[in-house]
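The residues making up each chain are set out below.
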Amino acid sequence: MRTLNTTLLAFVLLFTVASCSTEDTNTVEEANYAIDLNLAHETDWEMAEEILILVNEHRATLGLNAIKKDKQHASAYAVDHTKYMIDLKQINHDNFQYRTQALKGQGAEKVGENVAFGYTDAQTVVTAWLNSVGHRRAIEGDFTHSGFGIIPNSNGTYYFTQLFYKR
């Protein structure tokens, strides 16, 4: 009986996998990356400005171009991700590929991301990022624009998402 159930289950799985149509595949490829641009207004723009100044000051010491602020798509996606992290009560890069594809759909050539939480001001979060090889790589990367999702949770603890992209 167990062999029959296993065989039946394998057949059902095989049939289900084998019955995918081309139309199903196209649906995945044509993902909808639309986002409410009003989300960008929810970021703490005062702290974002301070972070961008510190990032650009660091970049200038290396002879790198200044990064421009994106208060539309990149910030809307950054806010969306920050809210997601707040809901989970943890920082992560979940669904980064989604944000990357969405920004590429807006003309970005490449995308990077830094996240953090618990810092109370721009200087401490930027210092922490610069002391981390991966985060420093994003700050010093070949990027032209940046969006911000900087939001405190209900306890006042800040969560940060900074998206970088090159256009």
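The structure we're discussing is the one just above.
Predicted model, so just to flag it, every value in this text is computed and none were measured. (Residues numbered from 1 in each chain as written. Predicted model: local features only at pLDDT ≥ 70, side-chain atom pairs only at ≥ 80, totals over all residues. Heavy atoms only, no water.)

Q: Please clarify how the overall build of the protein should be interpreted in this entry.
A: Helix and strand counts for the protein stand at seven helices and four strands. Helices and strands appear in the protein in the N-to-C order α-α-α-β-α-α-β-α-α-β-β. Every one of the 167 residues in the protein was classed for burial, and the buried ones make up 38%. Long-range pairs, those at least 24 residues apart, make up 70% of the contacts in the protein with a sequence separation of at least 6. In the form shown here, the protein has an accessible surface area of approximately 9,800 Å², with 55% of it arising from carbon and sulfur atoms. (Helix = DSSP H or I, 4+ residues; strand = E, 2+ residues; numbered from the N terminus. Buried < 20%, exposed > 50% of the residue type's maximum accessible area, 1.4 Å probe, protein only. Contact = heavy atoms within 4.5 Å. Areas by Shrake-Rupley, 256 points an atom, 1.4 Å probe, with all protein chains shown as cover.)

Q: In this structure, what is going on with the pattern of salt bridges? I would like to understand it.
A: Any two side chains of opposite charge can pair, on the condition that their charged atoms come close. What the rule picks out here adds up to five salt bridges. Between Glu42 and Lys83 there is a salt bridge, and its shortest N-O distance comes to 2.6 Å. One end of the pair, Glu42, is in the loop between α2 (22–29) and α3 (45–61); the other, Lys83, is in helix α4 (residues 73–88), with 41 residues separating them in the sequence. Here Glu42 falls in the partly exposed class, since its relative accessible area comes to 38%. For Glu113, the salt bridge goes to Arg99, with nearest N and O atoms at 2.7 Å. One end of the pair, Glu113, is in strand β2 (residues 110–117); the other, Arg99, is in helix α5 (residues 96–104), with 14 residues separating them in the sequence. (Salt bridge = Lys/Arg side-chain N within 4 Å of Asp/Glu carboxyl O.)

Q: Honestly, the packing of aromatic side chains in this entry has me stumped. Any pointers?
A: Two measures describe an aromatic ring pair: the distance that separates the ring centres and the angle between the ring planes. Under the criterion given, the structure shown has seven aromatic pairs. Each ring, one from Tyr33 and one from Tyr98, has its centre 5.0 Å from the other, and the planes form 55°; the classification is tilted. With Tyr33 in the loop between α2 and α3 and Tyr98 in helix α5, this residue pair connects regions lying 65 residues apart in the sequence. Residue class for Tyr98 comes out partly exposed when judged on its relative accessible area of 32%. Over the ring of Trp45 we find Lys71, and its NZ or CZ is 4.8 Å from the ring centre. Over the face of the ring belonging to Phe143 we find Lys110, whose NZ or CZ atom lies 5.1 Å from the ring centre. (Phe/Tyr/Trp six-rings, centres within 6.5 Å; stacked < 30°, edge-to-face > 60°. Lys NZ or Arg CZ within 6 Å of the ring centre and 35° of its normal.)

Q: Hey, could you run me through the sheet that holds strand β3 (residues 145–152) in this one?
A: In sheet architecture, strand pairing relies on hydrogen bonds along the backbone and comes in two forms, parallel and antiparallel. Strand order in this open sheet of four strands is β1-β3-β4-β2, and the pairing throughout is mixed. The open sheet has two edge strands, β1 (68–69) and β2, and neither has a second partner. In the packing of α3 onto the sheet, contacts are made with β1, β3 and β4 (158–166), and the angle to β3 comes to roughly 135°. (Pairing = 2+ DSSP bridges. Axes fitted to C-alpha atoms, helices over the stretch in contact; angles between N-to-C directions.)

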